[in-house]
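Remarks on the overall topology
Each chain, letter by letter, is given below.
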Amino acid sequence: MLSEIEKTVWNRVMDVVVKPKKNTKRHLSILAFVCLLLAACIWLFLQPSHAQQIKANEIWSAKVEQGVLNLEVSGFGRLKSKKPRLLTAKSQATVDEIILKPGAEVTPESVILRLSDPNITQSVRDAKRAYIDSQNQRIQTDINQKRELLAQQAELARIQADLESAELEANAQSQLVSKGIVSNIDYQRTKLQVRQLTRRLEIETARITQLEALHAANLKIADSNILAQQEALDLVQQQLDSLTVKAGIHGVVQSLSVELGQAVNLGEQLALVGSTTDLYALLNVPQSKMQSIQLAQAVSINTRRGEISGEVIRIDPVINNGNIQVEVALNGALTDNARPELNIEGTIAVGQLENALFIKKPVNVKAFSNSTLFKLTDNGSAIATPIQFGAATDEQIQILAGAQAHEQFILNDMTRWQAHTHIAIVK
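The structure reproduced in this document is the subject of the present report.

Inspection of the entire model under this criterion finds one cavity of 30 Å³ or more. In this model, the largest cavity occupies a volume close to 30 Å³. Lining the largest cavity, in full, are Thr88, Ala89, Lys90, Ser91, Ala93, Leu115, Ser242, Leu243 and Leu270. A class-by-class count of the residues in the lining of the largest cavity yields five nonpolar, three polar and one charged.

Here it is as structure tokens:
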């Protein structure tokens, strides 16, 4: 429909045509003016209204590219220690001193906490005393046994001397008895004495052998008692040493579960220490991307001070808050800031598309969907163009149909312009 201005102009033209004046030159001037006015009205009519204009500084755009599209899935997570060491209380105690806090680097001998327990201190004193007593008892036993053995050896020597004397006397009498100088009965009495002393010598010799065996057994029992007391002392000494809580490994203190002055029970968690040399990455990836992720895919871990290469070794099937967890083994050199619980960003290479058309991902556009984008033209306008999209990364998306390489599209959210086919871009 024509506007009121157009109708008025048209009527004037018709009047001029229908009712020609005598002044032809004047009529021609009026006709030319009317034609120009009519052309201006038609041009204004064809231009976009004020509601179909958008400022150039309010949009951002990108060109369609063609080439290799690397399909990637990004996720955020943390570095984890493969062999964390959980430090627990070995007895009931009180936290006396906190030396190192979370984030501190440690060596195996680094002291993190100092605890106190008067009962353990007293137990160590008692165990030391018992150990010393057992050693003293063994010394006393050894002295007594040596004294007893010496007495038996002296008795044996006396019997042996008596036997030798009796044998000499018997030999002398054996030569005199035939001559009648010594009576036969005296000679027989001397021979009996030799036999008796020989028997006593055998008995004393056997007694000394048994006594030595008995002494050895007594010393073995004493040694066993010393060993038992040593073990008891070592046990309470270990409990005392455990009151000084050490890291035990090279790494970093991940967490501290106690406060100064706190009473802790046996087995209660004190601190967690993680290794800084034996790490893996745990990434949270959106559930929508889980179908693209497979084992052994290459991963790049960004620690803000460099990148660490790795590969996917485990995909947790449990969905938590819309995410799945992906475990990544680190096979590249660690960055200088790598430590347990460090916040990281990971990029998983899930595929590659050859000779693909793609563009930076527009707002509110999803993979494998259809949408309308506004294509920029050379005359300062934008034309609504239906586009079919394919696979997408975090920053780019494949174009399956509707666009050509090097064409430029608006990437803003253009929902409020969807009713228009043309939009004027103004400065």
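Moving on from the model shown.
Strand order in this open sheet of four strands is S8-S7-S5-S10, and the pairing throughout is antiparallel. Looking at which strands have only one partner, the edges of the open sheet turn out to be strand S8 (244-246) and strand S10 (263-264). The pairing of strand S5 (residues 93-98) with S10 spans two bridges and is classified as antiparallel. By the bridge assignment for S10, Thr94 is matched with Ala263.

For helix H3 (residues 118-176), spanning 59 residues, the distance from its first C-alpha to its last is 87 Å, which sits close to the expected 87 Å at 1.5 Å a residue. N-capping of H3 is provided by Asp117, with a side-chain oxygen placed 3.2 Å from the backbone N of Asn119.

With that out of the way, let us pick up the pairing of strand S7 (residues 111-116). Pairing geometry for S5 and S7, over four bridges, is antiparallel. Its bridge partner being in S7, Thr94 is matched across the sheet by Ser116. Relative to S8, S7 runs antiparallel, the two sharing three bridges. Across the sheet, the residue bridging to Leu113 is Val245, located in S8.

With that out of the way, let us pick up the environment of Lys366. Tracing the backbone through its elements, the reader meets Lys366 in the loop between strand S16 (343-360) and strand S17 (370-376). Taking C-alpha positions, Lys366 is 7.8 Å from Phe389, a pair spaced 23 residues apart along the chain. Filtering out sequence-adjacent residues up to four positions away, Lys366 remains in contact with Phe389 and Ile397.

Another point: the sheet that holds strand S6 (residues 105-106). Here four strands make up an open sheet; going across it, the order is S4-S11-S9-S6 and the pairing antiparallel. Each of the sheet's edge strands pairs with one partner strand only, and the pair in question is strand S4 (85-88) and S6. Here strand S9 (residues 251-256) pairs with strand S11 (residues 269-275) via five bridges, running antiparallel. Along S11, the bridge assignment pairs Leu256 with Ala271.

With that settled, consider the layout of surface pockets. By volume, the largest pocket amounts to about 310 Å³. Looking at the largest pocket, it is lined by 15 residues, and the ones nearest its centre are Lys289, Ser292, Ala367, Phe368 and Ala392. Mapped by element, the contributors of at least two residues to the lining of the largest pocket are strand S3 (65-81) and strand S18 (381-392). Here the lining of the largest pocket takes three residues from S3, the largest share from any one element. Along the lines of polarity and charge, the residues of the lining of the largest pocket split into seven nonpolar, four polar and four charged. Of the voids in this model, the second largest pocket is the one considered here, and its volume is about 220 Å³. Every residue lining the second largest pocket is listed: Arg85, Leu86, Leu87, Thr88, Lys90, Asp241, Ser242, Thr244, Val245, Lys246 and Leu270. Of all the secondary structure elements, the ones that give two or more residues to the lining of the second largest pocket are S4, helix H4 (184-242) and S8. No other element matches S4, which puts four residues into the lining of the second largest pocket. Across the lining of the second largest pocket, the residue classes break down as four nonpolar, three polar and four charged.

Looking at the secondary structure, you find Ser110 in the loop between S6 and S7. Of the polar contacts made by the side chain of Ser110, one reaches the backbone nitrogen of Thr107; its length is 2.8 Å. Other than its neighbours up to four places away in sequence, Ser110 contacts Leu100, Val245, Lys246 and Ala247.

Residues Ile112, Leu115, Val264 and Leu270 are the most contacted members of the largest nonpolar core, which totals 24 residues. Residue assignment for this core shows that the elements contributing at least two residues are S5, S7, H3, H4 and S11. The leading source of residues in this core is H3, at four residues. Among all residues touching Leu115, those that are not within four sequence positions of it are Ala93, Thr94, Val95, Asp96, Leu243, Val245, Val264 and Leu270. Among the nonpolar cores identified, the runner-up in size contains 19 residues, and Leu79, Ile293, Ile301 and Ile344 belong to it.

Analysis parameters
Residues numbered from 1 in each chain as written. Predicted model: local features only at pLDDT ≥ 70, side-chain atom pairs only at ≥ 80, totals over all residues. Heavy atoms only, no water. 1 Å grid on protein atoms, 1.4 Å probe; cavity = no way out; pocket = protein on both sides within 12 Å on 5 of 7 lines; lining within 4 Å. Points joined across faces, edges and corners; volume = space filled by probe spheres on them. Nonpolar A, V, L, I, M, F, W, Y, C, P; charged D, E, K, R; others polar. Pairing = 2+ DSSP bridges. Helix = DSSP H or I, 4+ residues; strand = E, 2+ residues; numbered from the N terminus. Expected span 1.5 Å × (residues − 1). Polar contact = N/O pair within 3.5 Å; in protein donor to acceptor, adjacent residues only side chain to side chain. Contact = heavy atoms within 4.5 Å. Core = buried A, V, L, I, M, F, W, Y, C linked by side-chain atoms within 4.5 Å. Buried < 20%, exposed > 50% of the residue type's maximum accessible area, 1.4 Å probe, protein only.

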